Amino acid sequence: MPGRRGLLGGLAAAALAAGRAEAMTAERGTGDLGLVVERASGSVQIVETTGRSALGRITGLGDLSHASAVFSRDGRYAFVFGRDGGLNKIDLLQGELNRRVLQAGNSIGGAISDDGRLVAVGNYEPGGVRVFDSVTLEPVEDIPAAYGPEGAARSKVVGLADIPGRGFAFSLYDADEVWTVALPEGGAPEIRRFRDAGRQPYDGFVTPDGRHYIAGLFGEDGLTRIDLWHPERGVQRVLPGYGRGEEPLPVFKMPHLRGWAVAGEQVFLPAIGRHELLVADRWDWTERGRVAVHGQPVFAVARPDGRQVWVNFAHPRNDVVQVVDTESLSVVHAFTLGRGVMHLEFTPRGEQAWISVRDINRVEVFDTRSLARIASLPAESPSGILLTARAGRIGF
Amino acid sequence: MATLLLAGTARAEVPPERQAELRRLLLHDCGSCHGLTMRGGLGKPLLPETLAGRSDEALAEVILQGVRGTPMPPWREELSAEEARWMVQTLRQGVSHAR
């Protein structure tokens, strides 16, 4: 790739030279690869789930304190979104940073379009969404999250997700709105605004079939749902008043909704400020039950077969992962792993669960049937674990 | 202005082992909303320049009581008043070296 380095600025090129992973193997596919984000050191490790090992580390990626990543549709490249507005494109096969742009001052996450051509980033500062060409990282579109009188204010954008039809959905935290945008090739962006979408949406996700966009609300009990098949029906509330006037607990960490669990007929949702998972019917979205859990849930992820949901928790109860059986709606197992369990990810068929434990600097890998630990990998303050199988999923 | 305020306030006393814990809390747990480098996220930036002009006590009070109607939670169950003041003073020095 030496020819490409000329396109990069001096700084980025230096980072690239420094950042190359040490030990990539020559010829292989990427279906069993993934990334472990090392939040404090601005690096990622490339890992593989067949032998359960690390293949190398790429450094110089900026502030990864809230990092997430999406994958190109061929599973070769990862786009890692840094908190500092950095958009990093990583070549998993070469084990190197392919491109990096600093596209905003402060960003939260991103998504890739269904055709794989567009990478969108949700920004806090300046509030809005910026869209880039996934090959070159050249800017394609800038969508300011303008609201208020004459659109003078800019809202923080949260919960950005891809939706079918070369589009994205996202929430405006300060404006209580949800927007969808379609970006037809060669045409102008088609933006649809949903006003009064609920108070202080803090994150959002798309159901695995791409039909519904769900935003979690901080400012009220309930979630917001938009039926993307029927946007004309507007905003609908899910589980309104789930706290029934009780005083919620202080929230020490916001739940992350991407990857929230749709398992079989049921959707598992976080009750903000409570030690509970809310369970809704996948089709009519009414409440089906609740699961009392160890702490305030942060991630709840369904094993791909839908039989179990694994949950981690907010500070100060963040040393535990619980396993919920989706038939009986009960907790069937708990692991105590060390402080700062940050994220968990299943392999595509669900036989392994990878869990990052920040304060002991390890990624622990479990067999999801025997619940035995089958590997333990060193990592520096690991947070997100993201496997390439996300490339083929809507909303990831 | 910040130096003046600092000069007028006593340095918060926190034992060294506890300081290490507080630093970790600051980076990772406060950092989950304010950013690992405190440049802001869902929460406001907590940089020397954005905190200048307000007293240690006032800011420590925000940390202990939280800000109702916003995601800023109260930390009084976990932090003493002295520790909250220590956090403010640490933020005033800039935490980028605190790692």
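The name that an unreviewed UniProt entry assigns to chain B is Cytochrome c, with the source organism given as Roseicella frigidaeris.

Per an unreviewed UniProt entry, chain A goes by the name Protein nirF and belongs to Roseicella frigidaeris.

Caption draft 1: Spotlight on the packing of aromatic side chains. All names here are of chain A. Counted according to the given criterion, the structure contains five aromatic pairs over all chains. A centroid spacing of 5.8 Å and a plane angle of 50° characterise the contact between F170 and W179, whose relative ring orientation is tilted. We note that F170, like W179, is buried. Three or more aromatic residues joined by ring pairs make a cluster, and in this case those are W310, F335, F346 and F366. Here K89 stacks its cationic end above the ring of Y77, 4.4 Å away from the centre of that ring. For the cation-ring pair, R393 lies above F396, with the distance from its terminal atom to the ring centre recorded as 4.0 Å.

Caption draft 2: Just the sheet that holds strand β26 (residues 297-302) of chain A, in detail. Residues and elements named next belong to chain A. With respect to topology, four strands assemble into an open sheet ordered β26-β27-β28-β29, the strand pairing being antiparallel. Where the open sheet ends on each side, the last strands, each with one partner, are β26 and β29 (330-336). Across the sheet, the mean angle separating the axes of adjacent strands is 20° when strand polarity is ignored. Pairing of β26 with strand β27 (residues 308-313), which is carried by four bridges, proceeds in the antiparallel orientation. From the neighbouring strand, V301 faces β27, where its bridge partner is W310.

Caption draft 3: Expanded view of the packing of helix α4 (residues 56-65) of chain B against helix α5 (residues 81-93) of chain B. Residues and elements named next belong to chain B. Where α4 meets α5, the closest approach of the two axes is 8 Å, and the angle between their N-to-C directions is 115°. On the basis of their axis angle, the class for α4 and α5 is roughly perpendicular. Of the two possible hands of crossing, α4 and α5 adopt the one that is right-handed. Contact residues: α4 offers D56, E57, L59, A60, I63 and L64, while α5 offers A81, A84, R85, M87, V88, Q89 and R92.

Caption draft 4: Broad picture of the state of the cysteines. Under the criterion given, the structure shown has zero disulfides over all chains. Of all cysteine sulfurs, the one in C33 of chain B lies closest to C30 of chain B, which takes part in no disulfide; the gap is 8.9 Å.

Here is what the cut-offs are and how they apply
- Residues numbered from 1 in each chain as written.
- Chains lettered and ligands numbered in written order.
- Predicted model: local features only at pLDDT ≥ 70, side-chain atom pairs only at ≥ 80, totals over all residues.
- Heavy atoms only, no water.
- Phe/Tyr/Trp six-rings, centres within 6.5 Å; stacked < 30°, edge-to-face > 60°.
- Buried < 20%, exposed > 50% of the residue type's maximum accessible area, 1.4 Å probe, protein only.
- Lys NZ or Arg CZ within 6 Å of the ring centre and 35° of its normal.
- Pairing = 2+ DSSP bridges.
- Helix = DSSP H or I, 4+ residues; strand = E, 2+ residues; numbered from the N terminus.
- Axes fitted to C-alpha atoms, helices over the stretch in contact; angles between N-to-C directions.
- Parallel < 35°, antiparallel > 145°, perpendicular 65-115°, else oblique.
- Left-handed = near helix turned anticlockwise from the far one by under 90°.
- Contact = heavy atoms within 4.5 Å.
- Disulfide = S-S within 2.5 Å.

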